[in-house]
Amino acid sequence: MGFSLQVDPVRCEGFGMCAELLPEAIELDDWGYPMFRDGILPEHLRELAERAVDVCPVLALRLVSPERVRTALQSRALAPHTALRSDGGG
Ligand code: SF4
């Protein structure tokens, strides 16, 4: 089935410890903030991913199901329509 990683960009302080534990899935940008290579990670990386979540000093990283990622992306896609309705424009 696989899983995904999600980072809270407000909490993340770019220490990069997660990328050290899971270089197969996480690389750091020029400022040391994590970027995920693939959307869905294979199950054999789950244990390492859980360790990466555990070592994050600011609790910015978490595992999510692929379904949850899809739902979040869909709701973001719908957000502009929602804003229009709340403004009385649609
Ligand atoms: S370990 Fe946590 S704070 Fe550090 S880069 Fe990864 S997500 Fe950000």
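Residues numbered from 1 in each chain as written. Predicted model: local features only at pLDDT ≥ 70, side-chain atom pairs only at ≥ 80, totals over all residues.

(A) Representation of unusual backbone geometry in the model. Despite not being glycine, L59 shows a phi value in the positive range, around 55°. Inspection of the secondary structure puts L59 in the loop between helix 2 (46-55) and strand 4 (61-64). Residue L59 is classed as exposed on the basis of its 11 C-beta neighbours within 10 Å. (Helix = DSSP H or I, 4+ residues; strand = E, 2+ residues; numbered from the N terminus. Buried ≥ 20, exposed ≤ 12 C-beta atoms within 10 Å, placed from the backbone.)

(B) Region of the structure containing the site of the ligand. Around the ligand there are 13 residues in total, and C12, F15, M17, C18 and C56 lie nearest to it. Class assignment for the residues of the shell around the ligand results in 10 nonpolar, 2 polar and 1 charged. (Near = placed C-beta within 6 Å. Nonpolar A, V, L, I, M, F, W, Y, C, P; charged D, E, K, R; others polar.)

(C) Molecular detail of the environment of F36. By secondary structure assignment, the location of F36 is in strand 3 (residues 34-36). By C-beta crowding, F36 is classed as partly exposed, having 17 other C-beta atoms within 10 Å. Linking F36 and L5, residues 31 residues apart in sequence, is a C-alpha distance of 7.6 Å. Once residues within four sequence positions are removed from consideration, F36 is found in contact with L5, A25 and I26. (Contact = placed C-beta atoms within 7 Å.)

Read these as layout, nothing more, since geometry by itself doesn't imply function.
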